[in-house]
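A closer look at the structure
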Amino acid sequence: MICIRLAKVLESIEEAKYRYKRQDNIELIAVSKYSDTEAIYKAFTCGQIAFGENKVQDLIQKQQILHTHKISWHFIGTLQENKINALLQTKPILLHSLHSMKLAYALQKRLMRDKMKLRALLQVNSAYEQSKSGFSPESTIPAYLEIMQTCPNIELVGLMCMGAHSNDNMLIEKSFLQTQKLYEQLQPYNAKILSMGMSSDYEIAIACGSNCVRIGSSIFSH
Ligand SMILES: *Cc1c(COP(=O)(O)O)cnc(C)c1O
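Not measured: the values here are computed from a predicted model.

1. As for the site of the ligand
Around the ligand lies a shell formed by Val31, Lys33, Ile76, Met162, Met198, Ser199, Arg214, Ile215, Gly216 and Ser217. In the model, a nitrogen atom of the ligand is placed 2.8 Å from a nitrogen or oxygen of the Arg214 side chain. Its free accessible area being 390 Å², the ligand has 87% of it covered by the protein chains. Judged by its atoms lying within 2 Å of the grid points, the ligand is housed in the largest pocket.

Take a look at the structure:
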């Protein structure tokens, strides 16, 4: 069942790519935060490699159980500073949610101490929503450049945002386009990944230039 759902999602990503004339590859992150390791394993056996978790403790547990499989783990949740050490132990392939300068400095300190590097995206709060963390659109580019200069152990590779929490597609599109504009401006600075789009809005995100969609419920729920 999971394999069928996964295939359907991949097919509709392809359709959206074609519809919006997108040439580049679009990566699918299967968001497994509400799923157990059995479901993750099923998706893995039908070809899905990249999975996303939003709680450090869950990531550690699932990674431990599935450690013999070559899964790429992405961290997509709001990271608290007291969880930094634990997260770094999991060696995530990408942190999607670097949301403040304070967190960047705290990460840099730990990374330097442990002689580690971390690939990360800046999270943009493009819809200016109180409930979401992230940099305001105005502060995103200065923050990106500041982190590049002052945090050599963090490798910034792009931006992430969540679409506006709304039924109004125009509003969602606006928040994605805003982030895409910032992403374009960051092209000279190693920005390669634009992580936008979840189950409810990934087609809009693809229309707006996303090359990385984070999809959970369309794959895993019944
Ligand atoms: C849960 C979550 C997703 C996936 O949401 P679905 O609606 O289940 O596809 C994507 N991104 C983030 C940051 C999430 O927390």
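2. Some words on the environment of Asp201
Turning to its location among the elements, Asp201 is positioned in the loop between strand 7 (193-196) and helix 8 (202-207). Between the C-alpha atom of Asp201 and that of Glu173, which follows or precedes it by 28 residues, the distance is 9.0 Å. If sequence neighbours within four positions are ignored, Asp201 has contacts with Gly163, Ile172 and Phe176.

3. Regarding the layout of surface pockets
Here the largest pocket defines a volume of roughly 610 Å³. Taken together, 32 residues form the lining of the largest pocket, with Val31, Lys33, Tyr34, Gly216 and Ser217 sitting closest to its centre. Looking at the lining of the largest pocket residue by residue, the class counts come to 12 nonpolar, 13 polar and 7 charged. If you add up the space inside the second largest pocket, you get close to 220 Å³. Every residue along the wall of the second largest pocket is listed here: Lys132, Met162, Gly163, Ala164, His165, Ser166, Asn167, Ile172, Met198, Ser200 and Asp201. Per-class residue counts for the lining of the second largest pocket are 4 nonpolar, 5 polar and 2 charged.

What counts and what doesn't
Residues numbered from 1 in each chain as written. Predicted model: local features only at pLDDT ≥ 70, side-chain atom pairs only at ≥ 80, totals over all residues. Heavy atoms only, no water. Near = heavy atom within 4 Å. Polar contact = N/O pair within 3.5 Å; in protein donor to acceptor, adjacent residues only side chain to side chain. Areas by Shrake-Rupley, 256 points an atom, 1.4 Å probe, with all protein chains shown as cover. 1 Å grid on protein atoms, 1.4 Å probe; cavity = no way out; pocket = protein on both sides within 12 Å on 5 of 7 lines; lining within 4 Å. Sits in = over half its atoms within 2 Å of the grid points. Helix = DSSP H or I, 4+ residues; strand = E, 2+ residues; numbered from the N terminus. Contact = heavy atoms within 4.5 Å. Points joined across faces, edges and corners; volume = space filled by probe spheres on them. Nonpolar A, V, L, I, M, F, W, Y, C, P; charged D, E, K, R; others polar.

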